[in-house]
Structure formats: structure tokens, C-alpha cells
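Below are the chains, spelled out letter by letter.
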Amino acid sequence: MKVFMVHEDPWNAGNPFIYTLIEGIKKSHPECGMGWGRENFWSDEILSYDIVHFHWPQTFMGKDPHTETDLLRHIENMKSSGVKIVATCHDLEPHYDQFADKAEVMNIVYSHCDAIIHLGEYSQKLFEERYPYAKHLLVCHHLYDTVYNFFPSRVESIKYLGLPENKTYILCFGAFRAKQERQLVVELSRQLADKNILILAPGFMNVWWHSFRLFHLLIKKWYYQYRYRIICTGRTWQVVSDKELPYFYGAANLAFIQRVKILNSGNALMPMLFGKVVVGPDCGNVGPLLRKWDYPLFDVNGKQCFKDIVKQALQMERDGVGTCNRKRQMEEYSTAVITDKLYAAYLQIMAIQQAN
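Remember, predicted model here, so these are calculated numbers, not experimental data.

What counts, and where the lines are drawn
- Residues numbered from 1 in each chain as written.
- Predicted model: local features only at pLDDT ≥ 70, side-chain atom pairs only at ≥ 80, totals over all residues.
- Heavy atoms only, no water.
- Helix = DSSP H or I, 4+ residues; strand = E, 2+ residues; numbered from the N terminus.
- Buried < 20%, exposed > 50% of the residue type's maximum accessible area, 1.4 Å probe, protein only.
- Contact = heavy atoms within 4.5 Å.
- Areas by Shrake-Rupley, 256 points an atom, 1.4 Å probe, with all protein chains shown as cover.
- Core = buried A, V, L, I, M, F, W, Y, C linked by side-chain atoms within 4.5 Å.
- Pairing = 2+ DSSP bridges.
- Axes fitted to C-alpha atoms, helices over the stretch in contact; angles between N-to-C directions.
- Phe/Tyr/Trp six-rings, centres within 6.5 Å; stacked < 30°, edge-to-face > 60°.
- Lys NZ or Arg CZ within 6 Å of the ring centre and 35° of its normal.
- Right-handed = clockwise from strand over helix to strand, strands pointing away.
- Salt bridge = Lys/Arg side-chain N within 4 Å of Asp/Glu carboxyl O.
- Expected span 1.5 Å × (residues − 1).
- Arc of directions from axis to C-beta.
- Disulfide = S-S within 2.5 Å.

Before going further, it helps to spend a moment on the overall build of the protein chain. Helix and strand content of the protein chain: 15 helices and 12 strands. Counting only residues that meet the buried cut, the protein chain has 53% of its 356 residues in that class. Within the protein chain, contacts between residues at least 6 apart in sequence are counted, and of these 72% link residues at least 24 apart. For the protein chain, the accessible area works out to roughly 16800 Å², and carbon and sulfur atoms hold 51% of it.

One finds Phe 256 and Met 272 to be the most contacted residues of the largest nonpolar core, which totals 83 residues. Ranked by residue count, the leading element in this core is helix 15 (residues 335-355), at 7 residues. Contact partners of Met 272, with chain neighbours within four places excluded, come to Leu 143, Leu 289, Leu 290, Trp 293, Tyr 295, Arg 326, Gln 329 and Tyr 333. Ranked by size, the runner-up nonpolar core spans 28 residues in total, among them Val 6, Phe 41, Phe 54 and Met 106.

Let us now look at the sheet that holds strand 5 (residues 115-118). Spatially, the 6 strands line up as an open sheet ordered 2-1-3-4-5-6, and their pairing is parallel. At either end of the open sheet lies a strand with only one pairing partner, and these are strand 2 (33-35) and strand 6 (135-138). Taking each pair of neighbouring strands and ignoring which way they run, the sheet shows an average axis angle of 25 degrees. With 3 bridges connecting them, strand 1 (residues 2-6) and strand 2 associate as parallel partners. Bridge assignment links Lys 2 to a residue of strand 2, and that residue is Gly 33. Strands in contact with helix 6 (residues 121-130) are strand 4 (84-89), strand 5 and strand 6; relative to strand 6, the strand with the most contacts, it is inclined by about 175 degrees.

Scanning all chains against the criterion turns up 22 aromatic pairs. The ring of Phe 60 is capped by Arg 38, whose NZ or CZ atom sits 4.3 Å from the centre of that ring. The lysine or arginine in question, Arg 326, covers the ring of Phe 151, its NZ or CZ lying 5.1 Å from the ring centre.

It is worth spelling out the pairing of strand 1 at this point. Within strand 1, 4 of the 5 residues are buried, which leaves the element mostly enclosed by the surrounding structure. Crossover connection from strand 1 via helix 1 (residues 17-28) to parallel strand 2: handedness right-handed. Both strand 1 and strand 3 (residues 51-54) contribute to a ladder of 4 bridges, which runs parallel. When the bridges of strand 3 are listed, Phe 4 appears paired with Val 52.

What the rule picks out here adds up to 9 salt bridges. One network of salt bridges, in which partners are shared, links Glu 8, Arg 38 and Asp 64.

You will see that Trp 56, though not glycine, has its phi angle at about 45 degrees, which is positive. Position of Trp 56 relative to the elements: it lies in the loop between strand 3 and helix 3 (57-62). For Asp 294, which is not glycine, the phi dihedral falls at a positive 60 degrees. Following the sequence through the fold, Asp 294 ends up in the loop between helix 12 (286-292) and strand 12 (297-298).

For helix 4 (residues 68-80), with 13 residues, the first-to-last C-alpha span of 18 Å sits near the 18 Å given by 1.5 Å per residue. Inspection of helix 4 places Leu 71, His 74, Ile 75 and Met 78 among the buried residues, and these make up the whole buried set. The buried side chains of helix 4 occupy one side of the element, clustering within an arc of 95 degrees when seen end-on. Of the exposed residues in helix 4, the ones pointing more than 90 degrees away from its buried face are Arg 73 and Ser 80. Remark: Gly 82 follows helix 4 within two positions and exhibits a positive phi of approximately 95 degrees.

The subject of this paragraph is the environment of Asp 340. Topologically, Asp 340 is positioned in helix 15. The class of Asp 340 is partly exposed, set by a relative accessible area of 38%. When sequence neighbours within four positions are dropped, the list of residues in contact with Asp 340 reads Ser 28 and His 29.

Another aspect to go through is the sheet that holds strand 9 (residues 230-231). If you trace the 6 strands from one edge of the open sheet to the other, you get 9-8-7-10-11-12, paired in parallel fashion. On the outer flanks of this sheet lie strand 9 and strand 12, each paired with one strand and no other. Pairing analysis gives 2 bridges linking strand 7 (residues 168-171) to strand 10 (residues 254-256), with the strands arranged parallel. Residue Ile 170 lies in a different strand from strand 10, and its bridge partner there is Leu 254.

Turning our eyes to something else, we now look at the state of the cysteines. Scanning the model with the defined rule gives 0 disulfides in all. Take Cys 113: it sits in no disulfide, and the sulfur closest to it among the cysteines is that of Cys 89, at 9.6 Å.

One can find Ala 87 in strand 4. Note: C-alpha distance between Ala 87 and His 118 (31 residues apart in sequence) is 8.7 Å. Dropping the residues within four chain positions of it, Ala 87 is found in contact with His 53, Phe 54, Val 109, Tyr 110, Cys 113, Ala 115, Ile 116 and Ile 117.

Structural measurements only, silent on function.
Written out as C-alpha cells, the structure reads:
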């Protein structure tokens, strides 16, 4: 069996999702050939694969000179040659204004899929009605345990990050995609109104170090830090390095997901790897995931009482709930477990091909 992951370079994708699956399958099932690359995708070589697996097609096409019509014809050619089209449902639509003009790309891919893989039951149920001719399979998001196996202590982490020792830290990880997410975290700070609680939000705002507006932006960064206790790096779209990431989780008392419009989030799983309690939005696949572990949720459509939610989460942290849950979470979401489930899904898809 040969599987092609539709991505230019999985090892430079902004997150480890695709490459950890590739490495996991190659380790446990070396007979399964894995491919990727933009040139290879558009060449006739693609017809030698059994399965072509899409991830974030709007992003892939947003950086590609080919048109939607080119993609449609290419997919139709693959299907007529016996190639199975698969997509992981990462998004229902583009986030905010990111590649908003490529929304049709997502529909083209989803509507031509032989199988759609879901990270949660919410999207699975939704897409079973929207795309009834595809086979819908559930394969949960995995923990990046093959990437992060260093777990520094709180003391080590605070020292490394240069943070005060006698504070409580709420970690808001990931890029801030729109002003709504910044407003959410500012509102969180306002409601907490506690100088002993600091918010670690590395990607809260961007500071262009070579911009003529540098001084103005630095003032804004300091303003958010001293007015709202929000500590950021000043690099919205530059990911925190794999070396530094464990220190942020090591320092954090709990993780807070700042999304107001979301289907899935690796940031809901990552804290579990580090044994942290997670507070997140009750929407998409994230709500059911956190509810499964009895973690606090907030309603993205209503007025929030963040103070009570955070108070509940901090008590859970003091009670060791996150650490206690970690063992079971590793048993369910480790890379080895999830890659085996993905490989089994591929075999199911291949069986459908043989049956037809």
C-alpha cells in the first residue's frame, strides 16, 4: 500500500501533525510507502499511489498557482485511475480571513472523498449528512509524545523563561488568529483582576523588529503586559520552538484555549501530554473532548464568568486531576496508538476499493 500526504513539506508545516503520523506508520508498518511534496502531487507519479490523503487543502491551494478547476480535474483523474481520495476534517471552513477565497477548495475535496477521517464525533455526524457518499471514520487527534519527551519542572521552567516564581500562570498557546481571540483573553484578564495570575500568550501580538512602528508596537506589548498581565513574545505567527515549548507547559498551572470559532485543536491535546488541566470552548470536537475528561468549558455564544471557570480549573490542578488523567490519555491518544488506528482505517478504505 502507498499513501500520499498532500503537503509541500510535512516537517515544516507549523505543527507536527502530519510528519508524526508518517514517522509512526513507517515505524510500525514499514511496508506502507509514504509520499508528499507539491511537485509530486501535480505529476503523473500521483497515480501510482493507492490513497491520496488531504490535510488543510485550502492552505495547500492557497500557496499554489493552480486553480480550483485544475484541482477538480486532477482529483477526477486520480479517481478514474483507481486512486482513493481521503481527507482529514481539520476544518469545516477557513479560519476567519485566512485563505477565505479558497473555501471552494475544501468543498471540492470533501465532495470527492471516498473516505473522510474525523478527529471527533461532532464533525463526523455533521459530514455524514453533508457528504453521505463518503465513508466516515473516527481517528482521534494524537499526542505529540514522539516529539516532546522532556518534561522540565516548574522551577526549571520559570527560571528558563525568566518569570517571577510566586505567580500563577495560565497558558494560552498557539497563534492568535483574529481580534476576537485577543479580546477573549483581555476579558479573561479583566474578570480575574488578580495581579498574582499572569497569562502566558506567546503569540498574542506581533512586533515587527525591523518596522518603523517598532517603538509604538513595543509600547503596546508592554501595555498589555502591565495593564492586563499578558506576557507575549511578540511573534504571532512564528511558532515556539520544540526546545522551548516544554518550558511553557512546565511553568503553566493550567491551559486555556482562546478560540471562539473552532472545530479541532491540537492545543486541547498538548496540555494532556504535560498533565495539565484544560479550559476550552464548548464547540466543535473540542467541547466533547474536554467534557469527556470533565474539564471546564465556556460558551462561545454567551457572556462568560471566567473567574468561576478558572477557579474551578485551578482547584482541579491543585487536586492533581491533570496528572491523574495523563496515564489514560496516553493510552488513548499516544502517537503509536493513533497511527495504528489510521493504518487500520487505510486498510478499510482499501477493502472498499477491492469490494467495488
